[in-house]
Amino acid sequence: MKLTFTFLFILGLIFQGCGKAQTEPEPESQNTLTGKIEIRDGWVREGKSGMMSAAYFTIYNGTTKSDTLWSISSEDISDDIQIHESYKTEDGLMGMRPVGAVPTPSGQSVELKPGGIHIMIIQPYRDLSDGDSIEFEFNFSSGDTLIMLPVQKNQ
Amino acid sequence: MKQLFYFLSLSLLIISCQSGPKVIDDLGDKSFQLINQDSVSVTFPDDYQGRFVVLGFIYTNCPDVCPLITQNMIKIQKELNNPDDIQFIGITFDPERDTPSVLSKYKETFKLGKNFDFLTGDPAVISEVMDSVRVRSQVSLTTTTDSGKEIYFMNHSDKIMVLDKKSRVIIEYGGSMPGIPNLIVEDFKTLR
Ligand SMILES: [Cu+2]
């Protein structure tokens, strides 16, 4: 009898745990597969020619297959664009390092945002000014796509 | 039991209010020859004495975390309505690349106005400044890009500090976190 109760109690705990795990990682309201990869809420940091800038966006993989973003390029503004991440070192310093690729699992969103993964635009040929629109080529495993991202001012 | 808890918290609160902010580092007797984004010589912190200083540390080749630090400082300045008794200063820990003209462009991209300076200087002097406020930085990675440019990135402390009118560091927070401006704006309510 006692054992049954303990068993039920543990079972309850497990269910509770699972329920939580299902709701937590998906703040994105719709899980519907749109059948395509979407780049949402993208923007480029305003910057000066020869200095550094960064781009950010959310990748939503609405296809049934997992995909990977391998690289990004933009002939228009720089011949050196890298995928980076900011991170905290073991001794508490902030640093950034190149990331080989960004996995984008089916049905999920991956957010690139300040302080995390970012697209590093190294020494752009020209000023990136508020209101400009810049064309990027995104190189996914599934193929390449051209996407325009707006430049936004640092306020 | 509950009452005892309230009593203790209240006494703690009173004690902490009375003692005033504690001095973390005293820069009052220090003097560094630096140069600002307009190539004007600056003696730090002497030239800013008599005013509060909100101090951050950046390098301009960092387009991700350092803008968060700069933007946090901007938020503090805006929230406090661009006060004249508070000077905002960003000091670079990468003086080799961050010359006055580079800092001037950096300042321009953030559309900063009055009472906001970026400082650089001789690398030896900059390193003394950083030591005096326990800010660390080191070259983390040197790479040659696809097109053959040699660039390096740095690991660095992430801090914003407040100096009182006598150039004493009395507040120190993480620099890039989103909650920092509110904390410092709150602190200024009791400081001024
Ligand atoms: Cu980066």
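Conventions we followed
- Residues numbered from 1 in each chain as written.
- Chains lettered and ligands numbered in written order.
- Predicted model: local features only at pLDDT ≥ 70, side-chain atom pairs only at ≥ 80, totals over all residues.
- Heavy atoms only, no water.
- Contact = heavy atoms within 4.5 Å.
- Buried area = accessible area lost by both parts, 1.4 Å probe.
- Salt bridge = Lys/Arg side-chain N within 4 Å of Asp/Glu carboxyl O.
- Polar contact = N/O pair within 3.5 Å; in protein donor to acceptor, adjacent residues only side chain to side chain.
- Helix = DSSP H or I, 4+ residues; strand = E, 2+ residues; numbered from the N terminus.
- Nonpolar A, V, L, I, M, F, W, Y, C, P; charged D, E, K, R; others polar.
- 1 Å grid on protein atoms, 1.4 Å probe; cavity = no way out; pocket = protein on both sides within 12 Å on 5 of 7 lines; lining within 4 Å.
- Points joined across faces, edges and corners; volume = space filled by probe spheres on them.
- Buried < 20%, exposed > 50% of the residue type's maximum accessible area, 1.4 Å probe, protein only.

1. Quick notes on the interface of chain B and chain A
Next, step 1: Contact residues are listed per partner, giving 34 residues for chain B and 34 residues for chain A.
Next, step 2: Around 2700 Å² of area is buried between chain B and chain A when both sides are counted, 56% of it from carbon and sulfur atoms.
Next, step 3: It is Pro63(B), Asp64(B) and Thr109(B) that lose the most area in chain B upon contact with chain A, and together they represent 23% of the buried surface on that side.
Next, step 4: One can count five salt bridges joining chain B with chain A.
Next, step 5: Where Lys149(B) meets Asp79(A), a salt bridge forms, and the shortest distance between an N and an O atom there is 3.1 Å.
Next, step 6: Applying the counting criterion to the chain B and chain A interface returns 15 residue pairs in polar contact (both at pLDDT 80 or more).
Next, step 7: Those elements giving two or more residues to the side of chain B that touches chain A turn out to be helix 2 (65–79), helix 3 (100–109), strand 7 (137–144) and strand 8 (150–156) of chain B.
Next, step 8: Sort the elements by how many residues they give to the side of chain B that touches chain A and helix 2 of chain B lands first, with six residues.
Next, step 9: Residue composition of the side of chain B that touches chain A, grouped by class: 14 nonpolar, eleven polar and nine charged.

2. Considering the layout of surface pockets
Next, step 1: Estimated volume of the largest pocket: approximately 330 Å³.
Next, step 2: Along the wall of the largest pocket there are 16 residues; nearest its centre are Pro114(A), Leu68(B), Gln71(B), Asn72(B) and Lys75(B).
Next, step 3: Breaking the lining of the largest pocket down by element, the ones donating at least two residues are strand 1 (37–45) of chain A together with helix 2 of chain B.
Next, step 4: The greatest single-element share of the lining of the largest pocket, amounting to six residues, is contributed by helix 2 of chain B.
Next, step 5: When grouped by side-chain class, the residues that make up the lining of the largest pocket number six nonpolar, six polar and four charged.

3. Overview of the environment of Phe32(B)
All names here are of chain B.
Next, step 1: Examined against the element boundaries, phenylalanine 32 turns out to sit in strand 2 (residues 32–36).
Next, step 2: The exposure class assigned to phenylalanine 32 is buried, which follows from its relative accessible area of 5%.
Next, step 3: Between the C-alpha atom of phenylalanine 32 and that of aspartate 84, which follows or precedes it by 52 residues, the distance is 23 Å.

4. Remarks on the pattern of salt bridges
All names here are of chain A.
Next, step 1: Under the criterion given, the structure shown has 19 salt bridges over all chains.
Next, step 2: Arginine 40 serves as the salt-bridge partner of glutamate 38, at 3.3 Å between the closest nitrogen and oxygen. For the residue pair glutamate 38 and arginine 40, the accessibility class agrees, reading buried in each case.
Next, step 3: Salt-bridge contacts for aspartate 76 lead to arginine 126; the nearest nitrogen and oxygen are separated by 2.9 Å. Taken together, the residues aspartate 76 in the loop between strand 3 (67–73) and strand 4 (81–88) and arginine 126 in the loop between strand 8 (117–122) and strand 9 (133–140) connect sequence positions 50 residues apart.

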